[in-house]
Amino acid sequence: LGHSEFRAFVAEKRHHPSRGFVDGDFIESFLDLDRTTMERVIAEMNEDGRWETEVLDSGSIPSGDGGGGRSKDQKTILMVEDVIGMVEEISMSH
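Figured I'd write up the structure that's included with this text.

Basis of the calculations
Residues numbered from 1 in each chain as written. Predicted model: local features only at pLDDT ≥ 70, side-chain atom pairs only at ≥ 80, totals over all residues. Heavy atoms only, no water. Helix = DSSP H or I, 4+ residues; strand = E, 2+ residues; numbered from the N terminus. Expected span 1.5 Å × (residues − 1). Buried < 20%, exposed > 50% of the residue type's maximum accessible area, 1.4 Å probe, protein only. Arc of directions from axis to C-beta. Contact = heavy atoms within 4.5 Å. Polar contact = N/O pair within 3.5 Å; in protein donor to acceptor, adjacent residues only side chain to side chain. Core = buried A, V, L, I, M, F, W, Y, C linked by side-chain atoms within 4.5 Å. Axes fitted to C-alpha atoms, helices over the stretch in contact; angles between N-to-C directions. Parallel < 35°, antiparallel > 145°, perpendicular 65-115°, else oblique. Nonpolar A, V, L, I, M, F, W, Y, C, P; charged D, E, K, R; others polar.

It is worth spelling out the environment of A43 at this point. Locating A43 in the fold gives a position in helix α3 (residues 35–48). Placed 35 residues apart in sequence, A43 and L78 show a C-alpha to C-alpha distance of 8.1 Å.

For α3, spanning 14 residues, the distance from its first C-alpha to its last is 20 Å, which sits close to the expected 20 Å at 1.5 Å a residue. For α3, the complete set of buried residues consists of M38, I42 and N46. Buried residues in α3, looked at end-on, bunch into an arc of 70°, giving them a common side. Seen from the buried face of α3, the exposed residues on the opposite side, beyond 90 degrees, are R40 and E47. On its buried face, α3 is in contact with α4 (80–92). One side-chain oxygen of the residue at the start of α3 lies 3.1 Å from the amide nitrogen of T36, identifying that residue as D34. Looking at the residues trailing α3, positive phi occurs at G49, about 70°.

Checked against the element boundaries, N46 lands in helix α3. Relative accessible area serves as the criterion here: at 11%, N46 is assigned to the buried category. In this structure the side chain of N46 is engaged in a polar contact, spanning 2.8 Å, whose partner is the backbone nitrogen of L78. Setting aside anything within four residues of it in sequence, one finds N46 in contact with W51, K75, T76, I77 and L78.

Moving on, we come to the nonpolar core. In terms of nonpolar packing, the biggest core is built from 9 residues, these being F30, M38, I42, W51, L78, V80, V83, I84 and V87. Elements supplying a minimum of two residues to this core: α3 and α4. When residues in this core are grouped by element, the largest group, 4 residues, is from α4.

Let's shift gears to the packing of α3 against α4. Two numbers describe how α3 lies on α4: the axes approach to 10 Å, and their chain directions differ by 95°. The orientation of α3 relative to α4 falls into the category roughly perpendicular. For the pair formed by α3 and α4, the contact residues are R35, M38, E39 and I42 on the first element and V80, E81, V83 and I84 on the second. Split by residue class, the contact of α3 with α4 holds 5 nonpolar, no polar and 3 charged.

Following this line, the structure appears as structure tokens:
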């Protein structure tokens, strides 16, 4: 086996769909957005409603409504500051 053949990069083309993970770099890119774009993203998240928040030890869910959580039939409204705080917390974990 010659040196150039030994050092050559050979890869098989394989496609493995990515599911069930969170792309931290993508999440952190939220912090690079301008305030208006952040507000638009949060408005879409609130309208969509398919997101979940972490339940704290006290049983409350972080929310910008000042209510300290939500009941099962109550919808938590995210605020830009809430999401910035969550993203900054995630970015400090690595």
